[in-house]
Amino acid sequence: MKLKVQAKLDPQFTPLALVCREMREATKDAGQDIVIGIERNRGYTTTYKTRIFPDGTGHDEENFRFVERIVKSLLWVAGGYKVIIAGSNTVGEKIKAAYTYGGLRDFDVHFMERVYETGFSVEVVSLENAPQDKSSAAPIGRHLDGCRIGFDAGGSDRKVSAVVNGESVYSEEVVWFPKTTSDPDYHYQGILDAMKTAASHMPRVDAIGVSSAGVYIDNRIMVASLFLKVSDEDFDKKVKNMYIDVAREIGENIPIEVANDGDVTALAGAMDLGDNSVLGIAMGTSEAGGYVDPDGNITGWLNELAFVPVDFCENAMVDEWSGDYGCGVKYFSQDGVIKLAPFAGIELDESLSPAEKLKVVQGLMKNGDERAAAIYDTIGAYFGYAIAYYAEFYDIKHVLIMGRVTSGEGGVLLLNRAQEVLDKEFPELAAKLDLNIPDENSRRVGQSVAAASLPKIN
């Protein structure tokens, strides 16, 4: 595979965007159609259609490797508890074996079962019975009427705003320690205090919007790092309905809407840009994502890009948590910077925390060190190809980039190289897509107003 823009420090990098393109090209004359569907709550289904080599022609393992990466990507982009493979019994049975307890994707199976509170399954069907898209996308956000509370639950501080007819009349940030606290009453009281404070600055509360890291279904907390130390028993009893319970204490029948913070960031960006089809990506401790579709809707997808593979090379670095290779967390986070440092000839003190190691590289970059520049150059190449891969699943016009990895001169270099990849490898995509870094004010104030705008007042 010949790359037009090389990942300087990673000659083995094999972009999945090019793998998809090459598979389509190789099978255009004698390919076999295949449809992959991922079903989630309420029967909502996301599908992906492509071609593979015909079953039984010596390409079965190649077909499986390719389709398995697409299944993995769809699972973490959209979320779901059922995989449907239409058009290939051979590939379907291999996927079924991979996505079982003890199988290749044991982690993914257990995670999705926890999120959707139901058993995970793989179904193999004929092409005639291929799944159809069933969307949960609905207008959400941009409601600026009335008196609203916007709450943003961060891992190190919590932010709340009182928003009256689209204007923030009061905001505060309070330091808290949710990730290291096992008592869920601490979290509950902190959220309640924040909302009561915001409510005291308005004549009434018409609606409550919440932006919070994690996975939320019907305003219930399914998985969230804020409650890392809370026991499973307390999580089920006291955490799952926490935002709903707090809203009831603020007032009866107040509409509440809880959304992943990545989606709210993308919504804030869309409101700031005055446009839709926005994919937001934060490169920090991990890689986080959010999306606003062409109609201005939040889709209800997981958008957990940290677990979406971007590198097809089987020798790529393995993520310690999921046990899988080539996934975004090792490319677009502080881990991505740290993994490339030795290849750039930079030795980092092992006693430093990941955040401190990142600061060392950023300091070198600020001083014009070419080794540090090579790291950001490589991540930029990764990112350009990753954007093209994300475009297999998302309709994108704007990409918002944020997070500590993108700060400073390194972020500028990263973006320039990503743009070069798009221009040279994917000119049609580059022509309709732009890369943006939101300013600090948009990120901080815009986030709370966007959160407050989530619910519609009945």
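Details of the structure are given in the entry above.
K.L.:
Could you give me a rundown of the pattern of salt bridges, with the residues and numbers involved?
P.N.:
What the rule picks out here adds up to 35 salt bridges. Between Glu123 and Lys82 there is a salt bridge, with its nearest N and O atoms 3.3 Å apart. Pair noted here: Glu123 is in strand S4 (residues 121–125) and Lys82 is in strand S3 (residues 82–86), with a separation of 41 residues, a long-range link. Three or more residues joined by partner-sharing salt bridges are found here, namely Glu68, Arg69, Lys72, Arg105, Asp108 and Asp324.

K.L.:
Lay out the sheet that holds strand S11 (residues 256–260) in plain terms, naming residues and giving numbers.
P.N.:
Strand pairing within a sheet occurs via backbone hydrogen bonds; the two strands may be parallel or antiparallel. Sheet architecture is open: five strands sit in the order S7-S6-S5-S8-S11, paired in mixed fashion. With partners counted over all chains shown, the strands left at the sheet margins are strand S7 (167–175) and S11, one partner each. On average, each strand axis in the sheet is inclined to that of its neighbour by 15 degrees, with strand direction left out of account. Two strands pair when backbone bridges link them, and strand S5 (residues 147–153) and strand S8 (residues 207–212) are joined in this way by six bridges, in the parallel orientation. Its bridge partner lying in S8, Phe151 is registered against Val210. Taken strand by strand, helix H8 (residues 261–273) contacts S8 and S11, and its axis lies near 95 degrees from that of S11.

K.L.:
Which residues make up the sheet that holds strand S2 (residues 45–52), and what values do they have?
P.N.:
Taken together, the four strands give an open sheet; going across it, the order is S2-S1-S3-S4, and neighbouring strands pair in mixed fashion. Since the sheet does not close on itself, it has two edges, and those belong to S2 and S4, each with one partner. Within this sheet the neighbouring strands show an average axis-to-axis angle of 15 degrees, counted without direction. Pairing geometry for strand S1 (residues 32–39) and S2, over eight bridges, is antiparallel. Its bridge partner lying in S2, Gln32 is registered against Ile52. Strand contacts of helix H2 (residues 60–78): S1, S2 and S3, with the helix running at about 160 degrees to S2, the strand carrying the most contacts. Each of S1, S2, S3 and S4 touches helix H3 (residues 89–98); the most contacted strand, S4, lies at about 175 degrees to it.

Cut-offs and rules
- Residues numbered from 1 in each chain as written.
- Predicted model: local features only at pLDDT ≥ 70, side-chain atom pairs only at ≥ 80, totals over all residues.
- Heavy atoms only, no water.
- Salt bridge = Lys/Arg side-chain N within 4 Å of Asp/Glu carboxyl O.
- Helix = DSSP H or I, 4+ residues; strand = E, 2+ residues; numbered from the N terminus.
- Pairing = 2+ DSSP bridges.
- Axes fitted to C-alpha atoms, helices over the stretch in contact; angles between N-to-C directions.
- Contact = heavy atoms within 4.5 Å.

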